[in-house]
Amino acid sequence: MARTDSFVEYTVELLEKLGPVRSRSMFGGWGLYFGGRMFGLIGDGQLFLKVDDVTRPDFQAAGCRPFVYEGKGAPVEMGYWTPPADAADDAYALLPWARKAVDAANRAALKKARKAPAKKRASRVKPS
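As the structure is a computational prediction, the values presented were derived from the model and not from experiment.

For the rest of this paragraph, the subject is the overall build of the chain. Summing up its helical and strand segments, the chain has three helices and six strands in all. Going residue by residue from the N terminus, the α and β elements of the chain occur as α-β-β-β-β-α-β-β-α. For the chain, with 128 residues in total, the buried portion stands at 35%. Total accessible area on the chain stands at roughly 8,500 Å², and carbon and sulfur atoms take up 53% of it.

Here's what the structure looks like:
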């Protein structure tokens, strides 16, 4: 099992008010999970929270920035954004942003679940 670093441990402690948060090492960073769904990630010592079309405007308005990595010579923006600066070290200030991220993760899972049956039905249809 991968060992967590001190920033990951600290972040999980900050998120205790959300409920049982788990961390998992992945791709040189860490995934944060609540209820089995990934709602956050830690990369280069920075917390990023999941956003979607519903929550992205809130993160933008608060001056947050997206997680971007270099992919095939071009920057790729992921659906994870930093929390506001004033929430980075304050469990109470971070809690509503973490809840938004969990909600975004839940909506993404619902959307994915709705698409899966349609794909299965389409694969069963045989051309005549």
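Moving on from the coordinates now.
Before going further, it helps to examine the sheet that holds strand β3 (residues 37-43). Neighbouring strands of a sheet are bound in pairs by backbone hydrogen bonds; such pairs are parallel or else antiparallel. On the basis of which strands lie adjacent, the open sheet formed by six strands has the order β1-β2-β3-β4-β6-β5 and antiparallel pairing. In this open sheet, the two strands that pair with only one neighbour each are β1 (21-26) and β5 (66-71). Strand-to-strand twist in this sheet, taken as the mean axis angle between neighbours without regard to direction, amounts to 35°. The sheet contact formed by β1 and strand β2 (residues 29-34) spans six bridges and is antiparallel. Its bridge partner being in β2, V21 is matched across the sheet by F34.

The rules behind the values
Residues numbered from 1 in each chain as written. Predicted model: local features only at pLDDT ≥ 70, side-chain atom pairs only at ≥ 80, totals over all residues. Heavy atoms only, no water. Helix = DSSP H or I, 4+ residues; strand = E, 2+ residues; numbered from the N terminus. Buried < 20%, exposed > 50% of the residue type's maximum accessible area, 1.4 Å probe, protein only. Areas by Shrake-Rupley, 256 points an atom, 1.4 Å probe, with all protein chains shown as cover. Pairing = 2+ DSSP bridges. Axes fitted to C-alpha atoms, helices over the stretch in contact; angles between N-to-C directions.

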